[in-house]
Amino acid sequence: MMMVRRVCGPMVGPLRLDVAGFRQSLAGQGYSSYSIDSHVLLMGHVSRWLVGEGLSASDLTGERARLFLEARRAEGYVHPVSIHGMAPLLGYLREIAAVPALERDVAVTALDVLLGRYRRYLIEERGLSVSTTVPHYLDVARAFLQYCSVADDPDLGALTSADVTGFVLWVSRRHPAGHAKSVTTRLRSFLRYLHVAGLTGDGLVMAVPSVAVWQLTMLPRAISAADVARLLKSCDRRRAKGRRDFAVLTVLVRLGLRAGEVAALRLGDIDWHHGEVTVHGKGNREDRLPLPPDVGDAIVGWLRRGRPRCDCPAVFTRLLAPHRGLSA
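Residues numbered from 1 in each chain as written. Predicted model: local features only at pLDDT ≥ 70, side-chain atom pairs only at ≥ 80, totals over all residues. Heavy atoms only, no water.

K.L.:
Please provide a residue-by-residue account of the confidence of the model for the chain, values included.
P.N.:
Close inspection of predicted coordinates is inappropriate in any region flagged by low pLDDT. Averaged over all residues, the pLDDT of the chain is 85; the fraction at 70 or higher stands at 91%. Note that residues 1-7 has pLDDT below 50 and, in this model, 13 contacts with residues that lie over four places away or in other chains. (pLDDT = per-residue confidence, 0-100. Contact = heavy atoms within 4.5 Å.)

Quick look at the structure:
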C-alpha cells in the first residue's frame, strides 16, 4: 500500500499571498477549523505543483486543475476525488481574479446570445425576479424557438402567425389550461421583445391566442387546519434542521408568502422592535407585513438554536458549509 506524506510547512509558490484571505473566506462560509486546514493544505499543494510545472496562478485554468488532480492521485492522494472538491479554492481564486474565470464547456451559439439579451431585458426593463420568474420566461422563449426549428440558426424574420398559434396549441394539448395560459403570457413578452429589438414585426404578438380558463375552476383546495398541524408537528424541533423547517413552514402558513419570497428574506428585513417584516416580491415590489408572535418565535428558535454562524445575510441557510441562502 502506497504511503502518502502529508506535506506541511510554509506556503511556497504563486498562491502563498492569498492564504489569509482564503482562510477568512472559508470561515465566513461556516467551514470548520479542520475543513479550513484541509483546504489550505490543498492550496499549498496546488501552489507547489504550479512551481514545479513552471506556471503562474494565471495559468490555473479548469483543464490544468484537472491535470493537477491526476498528478495528485499519482502521488497516492485520495482526496479530492474530483474537481468538485477543489470548488472552494477555485471559487475563491476566481473571485479575487487570481486565476482565469470559469471556461464554458460549449461554444456560445446565436441562441445563447439572443436569450442572454432577452434575459437582460427582463431584468433591467421589466424588473422581473432573477431567480424565480426570469427562468420561466426563458424556458418558454427557448421552447418556442425549438418548436419553430429556428433554435440553431435563429432566422426570426421567417416566423409567422401560424408558428405562434401552432406552438400554443401544441402546449395546450400537453398541459393543463392554467399552465398553457401562463405560457401565452410569457410568449407575448418574448414576441414583444423581438419587436422592440427590431427582429420581427408587431403582428406576431397579436397572433397569440387566448386560453380559456373558466372562472373558479382553477382555485386550489385549501388544506385543512388538522393537516397543517400534522405538517408542522412532523418537524423534529430538537434538531437544527427541524427548527429551520418549522420556521419556514410557519412563515409560509401564517404569512401566505411564496417560496421565493421566503428564500429571499434577509436578517435586515425583520424589524423586531416594531414587529414587522419586509417582503421582497415580484417586480422589485416590497411590502411590510405584521410579524405574528408565533412566526417570530419560530424564527427566533431557528436563529438562536439552529442557524450556523456565518456571513450570509439570508434568514434561512444551508446547514452544511458553505452556508448560503436556500433557493426557492
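Having seen it, we continue.
K.L.:
Explain helix 11 (residues 240-255) to me, and be specific about the residues and the numbers.
P.N.:
Between its first and last C-alpha, helix 11 extends 22 Å over 16 residues, near the 22 Å set by a 1.5 Å rise per residue. Those residues of helix 11 lying buried are Gly242, Arg243, Arg244, Phe246, Ala247, Val248, Leu249, Thr250, Val251 and Leu255. Directly after helix 11, the chain includes Gly256, whose backbone phi takes a positive value near 65 degrees. (Helix = DSSP H or I, 4+ residues; strand = E, 2+ residues; numbered from the N terminus. Expected span 1.5 Å × (residues − 1). Buried < 20%, exposed > 50% of the residue type's maximum accessible area, 1.4 Å probe, protein only.)

K.L.:
Tell me about the sheet that holds strand 2 (residues 276-280), and name the residues and values.
P.N.:
Strand order in the open sheet formed by 3 strands is 1-2-3, and the pairing between neighbours is antiparallel. Across the chains shown, the open sheet's two edge strands, defined by having one partner strand only, are strand 1 (270-271) and strand 3 (286-290). Both strand 2 and strand 3 contribute to a ladder of 5 bridges, which runs antiparallel. Note on strand 3: the bridge partner recorded for Val277 is Leu289. (Pairing = 2+ DSSP bridges.)

K.L.:
Before we move on, could you go through the side chain of Thr200 and cite the residues and values that matter?
P.N.:
Locating Thr200 in the fold gives a position in the loop between helix 8 (177-196) and helix 9 (203-206). If we ignore the near neighbours within four places in the chain, the residues touching Thr200 are Leu156, Leu191, Leu194 and His195.

K.L.:
Account for the packing of aromatic side chains, with residues named and values stated.
P.N.:
What the rule picks out here adds up to 10 aromatic pairs. Relative to Trp170, the ring of Tyr147 lies with its centre 5.8 Å away and its plane at 40 degrees, an arrangement referred to as tilted. Within this pair, whereas Tyr147 is found in helix 6 (residues 134-147), its partner Trp170 is found in helix 7 (residues 161-174), the two being separated by 23 residues in sequence. Given the relative accessible area of 35%, Tyr147 is considered partly exposed. Where Phe167 meets Trp170, the ring centres are 6.1 Å apart and the plane angle is 25 degrees; that geometry is what we call stacked. One end of the pair, Phe167, and the other, Trp170, are both in helix 7, 3 residues apart, so they sit about a helical turn from each other. Exposure remark for Phe167: the relative accessible area of 2% places this residue in the buried category. In this structure an aromatic cluster arises from ring pairing among Tyr118, Tyr121, Phe190 and Tyr193. (Phe/Tyr/Trp six-rings, centres within 6.5 Å; stacked < 30°, edge-to-face > 60°.)

K.L.:
So what's going on with the nonpolar core? Which residues, and what values?
P.N.:
In this structure, Tyr118, Phe144, Leu187 and Leu191 are the most contacted members of the largest nonpolar core, which totals 34 residues. Contributing elements (two or more residues each) for this core: helix 5 (110-124), helix 6, helix 7, helix 8 and helix 9. The residues contacting Leu187, other than those within four sequence positions of it, are Val140, Phe144, Val164, Phe167, Val168 and Val208. Grouped together as the second largest cluster of nonpolar side chains are 24 residues, Phe22, Val40, Val46 and Ala65 included. (Core = buried A, V, L, I, M, F, W, Y, C linked by side-chain atoms within 4.5 Å.)

K.L.:
Summarise the packing of helix 10 (residues 225-233) against helix 11; cite the residues concerned and give the values.
P.N.:
Interhelical geometry of helix 10 versus helix 11 gives an angle of 155 degrees and a closest axis separation of 9 Å. In terms of their interaxial angle, helix 10 and helix 11 are classed as roughly antiparallel. Packed against helix 10, whose contacting residues are Val228, Leu231 and Leu232, the element helix 11 presents Phe246, Leu249, Thr250 and Val253 at the interface. Classifying every residue of the contact of helix 10 with helix 11 gives 6 nonpolar, 1 polar and no charged. (Axes fitted to C-alpha atoms, helices over the stretch in contact; angles between N-to-C directions. Parallel < 35°, antiparallel > 145°, perpendicular 65-115°, else oblique. Nonpolar A, V, L, I, M, F, W, Y, C, P; charged D, E, K, R; others polar.)

K.L.:
Describe in detail the pattern of salt bridges, supporting the description with residues and values.
P.N.:
In the structure shown here, the tally under the stated rule is 10 salt bridges. We note a salt bridge from Arg238 to Asp236, for which the minimum N-O separation is 2.9 Å. Judged by relative accessible area, Arg238 falls into the exposed class, the value being 73%. Asp236 gets classed as partly exposed once you look at its relative accessible area, which sits at 29%. Connected through salt bridges with shared partners, the residues Lys241, Arg244 and Asp245 form a single ionic network. (Salt bridge = Lys/Arg side-chain N within 4 Å of Asp/Glu carboxyl O.)

K.L.:
Account for the side chain of Arg72, with residues named and values stated.
P.N.:
Mapped onto the secondary structure, Arg72 falls in helix 3 (residues 62-74). In this structure, Arg72 is buried with no salt-bridge partner, the nearest side chain bearing the opposite charge being Glu75 at 6.8 Å. In this structure Arg72 touches Leu42, His45, Tyr77, His79 and Pro80, once residues within four positions along its chain are discounted. (Lys, Arg positive; Asp, Glu negative; His and termini not counted.)

K.L.:
Got a sec to walk through helix 4 (residues 87-95)? Specific residues and values, please.
P.N.:
What helix 4 keeps buried is the set Pro88, Leu89, Leu90, Tyr92 and Leu93. On the buried face of helix 4, the contacting elements are helix 1 (19-28), helix 2 (33-52) and helix 3. Note on helix 4: the residue one or two positions beyond its end, Ala97, has a positive phi of about 60 degrees.

K.L.:
Lay out unusual backbone geometry in plain terms, naming residues and giving numbers.
P.N.:
Along the chain, Ala321 connects to Pro322 via a cis peptide bond; the corresponding omega equals 0 degrees. By secondary structure assignment, the location of Pro322 is in the segment after helix 13 (293-305). The phi dihedral of Ala97 falls on the positive side, at around 60 degrees, and the residue is not glycine. Mapped onto the secondary structure, Ala97 falls in the loop between helix 4 and helix 5.

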